[in-house]
Each structure stands twice: as structure tokens, then as C-alpha cells.
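Listed below are the residues making up each chain.
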Amino acid sequence: MSKDIILIIGANGQLGSVLIKELQTIHGIHKVIASDVYSVPNFEGIFELLDATDKAAIHEIVKQYSVTQIYHLAAILSAKGEEQPLWTWDLNMKMMLNVFEVARLTAINKVFFPSSIAVFGDQAPLENTPQSAFLNPATVYGISKAAGENWAQYYFTNYGLDIRSIRYPGVIGYQSMPGGGTTDYAVDIYHSAVKKETYGCFLSADTKLPMVFMADAIRATVELMEAPKENIKTRTAYNIGAMSFNPGEIFAEIKKVYPTFEVEYQPDFRQDIANKWPKSIDDSEARNDWNWEPKYNLKLMTALMLEKLEDKYNTIKSK
Ligand code: SER
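Heads up: these notes are all about the structure in this document. Here the structure is a predicted model, which means the values were calculated and not measured.

Calculation criteria
Residues numbered from 1 in each chain as written. Predicted model: local features only at pLDDT ≥ 70, side-chain atom pairs only at ≥ 80, totals over all residues. Heavy atoms only, no water. Near = heavy atom within 4 Å. Polar contact = N/O pair within 3.5 Å; in protein donor to acceptor, adjacent residues only side chain to side chain. Areas by Shrake-Rupley, 256 points an atom, 1.4 Å probe, with all protein chains shown as cover. Nonpolar A, V, L, I, M, F, W, Y, C, P; charged D, E, K, R; others polar. Helix = DSSP H or I, 4+ residues; strand = E, 2+ residues; numbered from the N terminus. Salt bridge = Lys/Arg side-chain N within 4 Å of Asp/Glu carboxyl O. Buried < 20%, exposed > 50% of the residue type's maximum accessible area, 1.4 Å probe, protein only.

1. Notes on the site of the ligand
1) Next: With respect to spatial proximity, the complete set of residues near the ligand consists of Leu 77, Ser 78, Ser 116, Tyr 141, Gly 181, Thr 182, Thr 183 and Trp 277.
2) Next: In the model, an oxygen atom of the ligand is placed 2.6 Å from a nitrogen or oxygen of the Ser 116 side chain.
3) Next: Against a free-state accessible area of 230 Å², the protein chains account for coverage of 93% of the ligand.
4) Next: When its residues are assigned to classes, the shell around the ligand shows 3 nonpolar, 5 polar and no charged.

2. Observations concerning the environment of Thr 25
1) Next: Here Thr 25 is to be found in helix H1 (residues 16-27).
2) Next: Linking Thr 25 and Gln 271, residues 246 residues apart in sequence, is a C-alpha distance of 39 Å.
3) Next: In terms of polar contacts, Thr 25 uses its side chain to reach the backbone carbonyl oxygen of Lys 21, at 2.8 Å.

3. Description of the pattern of salt bridges
Any two side chains of opposite charge can pair, so long as their charged atoms come close to each other.
1) Next: Taken as a whole and assessed by the stated rule, the structure comprises 12 salt bridges.
2) Next: With a closest N to O distance of 4.0 Å, Glu 60 and Lys 63 form a salt bridge. Placement of both Glu 60 and Lys 63 in helix H2 (residues 55-65) is noted, with a separation of 3 residues, approximately one turn of the helix.
3) Next: For Lys 63, a relative accessible area of 54% puts it in the exposed group.
4) Next: Residues Arg 164 and Asp 162 are paired through a salt bridge, measuring 2.9 Å at the closest nitrogen-oxygen approach. Like Arg 164, the residue Asp 162 is buried in the burial classification.
5) Next: The structure contains a network of salt bridges with shared partners spanning Asp 162, Arg 164 and Arg 235.

Dropping the structure here:
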């Protein structure tokens with residue numbers, strides 16, 4: 001069992017709520033402290049209410065539990081961020097810099113900070129977007145992640161703080177719901193199919209985006225964090241790719257299982273965000289440096305999503 005004590009900030013989010021279980025399995029349930037601004041009922045493990053805009057409060061928890069690693073997952077995502085740009089910037093930057101500062105001033109040996117495909121804009125090649133493509137993000141969320149990547153590099157170069165990061169594509173899982181993102185449609189669509197509802201899709205049928213299945217996203221995170229320090233050559237954030245598809249393709253895959261399922265396309269402001277994002281990702285650096293390799297494609301993921309969501313909704317109905 002590892003000697004590390006892990007703090008997760010944003011533990012109730014789409015990724016956090018799944019990652020927490022994986023980290024509890026790896027490190028032991030008493031070695032993982034989950035935190036968020038709101039609590040969830042029946043949480044299994046150690047939970048602390050934490051507002052990450054309060055640096056002293058983060059410091060206090062780090063001291064109290066002798067935390068050695070932080071996974072900082074809290075952020076306002078791309079679509080929601082556009083509703084209140086300045087508030088989003090303030091919140092995302094303040095939380096991130098608080099975490100980096102507390103880590104610098106304490107015995108934290110590693111920090112995980114998620115970045116996103118949202119750091120790219122229309123100046124990057126949108127097919128097979130390279131690691132080192134020019135960054136001209138068009139959303140506040142993307143600007144805050146691009147700035148965060150540079151801060152991560154700064155803290156590493158100037159203070160030796162071991163911050164590691166991934167540019168996640170859209171994350172798709174049955175365990176949790178995303179909130180406020182542009183890729184959220186790819187989770188919502190499965191829920192509608194299983195509930196036998198027509199899905200109103202906020203992106204057009206041909207909007208291709210890079211995506212990753214939750215199991216692969218979690219494994220990528222853990223593998224990056226466990227990789228030997230000397231292998232981590234990228235100190236901004238790593239591109240990872242897994243699969244790319246558009247709403248028309250995911251719909252066709254679901255329709256094989258639910259032949260009566262229908263989608264209505266009603267593109268809104270999120271279409272403009274998606275139009276400037278990569279369609280596919282070149283992740284050769286992640287493959288070379290820490291052996292990243294995705295396991296799930298659209299077909300495998302769809303089979304699992306539908307099976308697990310069927311179980312979930314049947315259990316709810318039979319209660
Ligand atoms: N899933 C995120 C979003 O759509 C991208 O990182 O905002």
C-alpha cells in the first residue's frame with residue numbers, strides 16, 4: 001500500500017466521483033480525502049467540505065491529513081463558462097493557483113491538474129491536432145486551461161513542483177453526469193435512448209469531436225501520475241486521443257440496439273464552441289513518454305453504456 005495521502009478537489013464531479021473509487025482501491029480508503037463545495041449523501045470514505053477559492057481552507061486540510069498529493073478537478077466548463085466569463089476566469093484561476101501555491105508551500109510531492117481540448121482554437125490543425133499546435137482558445141474555460149498549463153510549467157521550472165496534466169477529450173461514462181460542457185451531448189444521448197425519449201442534440205449531426213470512455217480516462221490519469229518523473233517530458237499538458245465521432249455516428253450505433261430511437265438536431269451556441277475544437281488528436285507524446293493506449297472505441301463503449309444504463313434505470317424503476 002502506498003505512503004501517499006491523496007486529496008481530491010471536485011470529488012463530486014463527472015471525473016472526480018469515479019476517480020475517487022479508483023484511488024481508494026489503489027491507495028486504501030483511509031488514504032483518500034474527497035472534497036467538494038457540496039456533499040453527497042452516503043459517501044463511502046473520508047469527505048471534507050471545501051471551497052477551493054479559500055486558500056487557507058485547502059492549506060488546513062493538507063496539514064490536518066498530511067496530504068502528499070492533490071488532484072484538482074474543480075472547474076467551470078466550456079459552455080457554462082460562457083454565461084459568466086469573468087466569474088469563470090476568476091473561479092478557475094483562483095482555485096488552480098491556490099492549489100499550486102499550497103502545494104509549493106507544503107510537503108505535496110505531486111499535483112494532477114486536468115486540461116482540455118478546449119485549449120485549442122481555429123489556428124491549430126483540427127485533424128490530428130499535434131501536441132505543440134498553436135493555442136488560441138475561444139472560450140473562457142479554454143483560456144483558463146491554457147493559462148493553467150503555462151502556470152503548471154512555471155511551477156515545475158521555478159519551484160520543481162511535479163504537476164502533471166492531460167488535455168482530456170470529451171469524457172463519456174455511465175457512472176456520473178457531466179455538467180456545463182460542450183461534449184456533454186455524448187453522455188446525455190445514451191440516457192435518452194435508454195429512457196426511450198427522443199434526444200434533442202445541441203450539435204449538428206456532422207460535428208466530429210474527440211472523446212474518451214471513462215475507464216480509459218481514469219486509467220490515463222492513474223498511469224500518468226504513476227509514471228517515473230524522468231519520463232514526463234511535457235510539463236504543460238499531454239494530448240490524449242481515444243476515439244472521434246460525430247452525433248450522427250453515435251446515433252447510428254445506438255440505433256442498432258434501439259431501432260426506434262430518434263434524435264432531433266437543434267444546434268445552439270455550443271455549436272460555435274465545437275466548430276473551433278479539434279476533431280481528432282495526435283497523442284504520440286503520451287504514447288512515447290508513459291505508454292498511453294486507449295482500449296475503447298465507439299462500438300465497445302456503446303455496448304457498455306447501454307448495458308449499464310439499462311441496469312441503472314431498471315433498478316430505479318423497481319425501487
Ligand atoms: N468536456 C469539456 C467541455 O465540453 C471539454 O474539456 O467543456
